[in-house]
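Geometric and topological summary
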Amino acid sequence: MTPPAFSPVALRFENIDKRYGGLLALRGVSLTVAPGECAVFAGRNGSGKTTLLRIAARLVRPSRGSLSFSNSSCDDEKSPVRPGFVAHATMVYDELTAEENLLLFARLQTVSRPERRVEALLEEVGLSDRRASLVGTFSRGMRQRVAIARALLHEPAVLLLDEPATGLDPPGVAWLAEAIRRLRDSGRTILMSLHGESEISSLGTRAIRLDAGSVVADTRTGATFRSVLTFADA
């Protein structure tokens, strides 16, 4: 799959807080992710990784602080930057087939030639032979493949992956690693949350650790990949 030409995108989180009632999920997070960087976020459950990705996906607003993509604010609804997001929940419909799911999301995102794009992605994720099967009959790993295809439909310049290997068997993880490698090498900006070292984490160009909603280690400021990633399993 040859990616189209696009302008690489940077993300800037500036003094981000996110509060859910009495819980402060993020505390003063300030980060710049450079265009084309593959940033791996590590940390224990509840450290703020998912919240940060959901803010980057514009699914939630920060309680304080701001996020910008390149030179456009995330508060600008006309911003052309539309990240692709793979969340913990697959966000696909059980009562639709794999093909129907992807066609629905492709049309919602005004993807050019949606039938051709969906056909290519079903082949890419290894589900061409199950295109007409209801997603409700799929294993967790197969559903994850549909979710990844959904995130890639509009060929985003920014890709957000929240533990993307969830449910995948070893061949699926190997496929995902190769897919991320191609996307990284094509110049996409990738942010992904992971637990510990793995085939997927080795693709990162930078590793950042969160703890209790704060950035506590970053390879850009001297930490090593091993110290950032192995801490998450401690």
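Residues numbered from 1 in each chain as written. Predicted model: local features only at pLDDT ≥ 70, side-chain atom pairs only at ≥ 80, totals over all residues. Heavy atoms only, no water.

**A look at the overall build of the chain**
For clarity, the threshold we go by: By the criteria applied, helices consist of DSSP H or I runs no shorter than four residues and strands consist of E runs no shorter than two, each listed in order from the N terminus. In this description the radius of gyration comes from C-alpha coordinates, and the expected globular size is given by 2.2 Å times residues to the power 0.38. Burial classification: accessible surface area is computed with a 1.4 Å probe over protein chains only, and a residue below 20% of its type maximum counts as buried, one above 50% as exposed, and the rest as partly exposed. When checking whether two residues touch, look at their non-hydrogen atoms; a contact exists if any pair is within 4.5 Å. Here the Shrake-Rupley method, with its probe set to 1.4 Å, supplies the accessible areas, and only the displayed protein chains count as covering residues.
Broken down by element type, the chain carries 6 helices and 10 strands. For 234 residues, the compact-globule estimate of 2.2 N^0.38 gives 17 Å, and the C-alpha radius of gyration of the chain, at 17 Å, lies within 12% of that figure. Expressed along its principal axes, the backbone C-alpha trace of the chain runs to roughly 45 × 40 × 35 Å. Evaluated residue by residue, the chain yields a buried proportion of 52% over its 234 residues. Across the chain, contacts joining residues at least 24 apart in sequence account for 68% of those joining residues at least 6 apart. Element-wise, carbon and sulfur atoms account for 51% of the exposed surface of the chain, whose accessible area totals about 10,700 Å².

**Examining the domain arrangement of the chain**
Interface extent is often summarised as the accessible area lost during association of the parts. Which entries qualify depends on this criterion: What counts as a domain boundary in this text is fixed by an automatic or database domain assignment. A 1.4 Å probe defines the accessible area here, and the buried area is the portion of it lost by two parts on being joined, summed over both. We count a salt bridge whenever a side-chain nitrogen from Lys or Arg sits within 4 Å of a carboxyl oxygen from Asp or Glu. Whenever a nitrogen or oxygen atom comes within 3.5 Å of another N or O atom, the pair is scored as a polar contact, on the condition that within protein one atom can donate a hydrogen and the other can accept it, and that pairs from neighbouring residues in sequence are kept only if both atoms are in side chains. Charged means Asp, Glu, Lys or Arg here, nonpolar means Ala, Val, Leu, Ile, Met, Phe, Trp, Tyr, Cys or Pro, and polar covers whatever is left, Gly included.
Parsing the chain into structural domains produces domain 1 (1-83 + 157-234) and domain 2 (93-155). Centre-to-centre separation of domain 1 and domain 2, based on C-alpha positions: 24 Å. Taken residue by residue, the interface counts 22 residues in domain 1 and 14 residues in domain 2. Surface buried jointly by domain 1 and domain 2 totals about 1,400 Å² across both partners, of which 57% is contributed by carbon and sulfur atoms. The tally of links between domain 1 and domain 2 comes to 1 salt bridge. At the boundary of domain 1 with domain 2, the tally comes to 6 residue pairs in polar contact (both at pLDDT 80 or more). The leading source of residues in the side of domain 1 that touches domain 2 is helix H5 (residues 170-185), at 7 residues. Within the side of domain 1 that touches domain 2, the residues separate by chemical class into 13 nonpolar, 4 polar and 5 charged.

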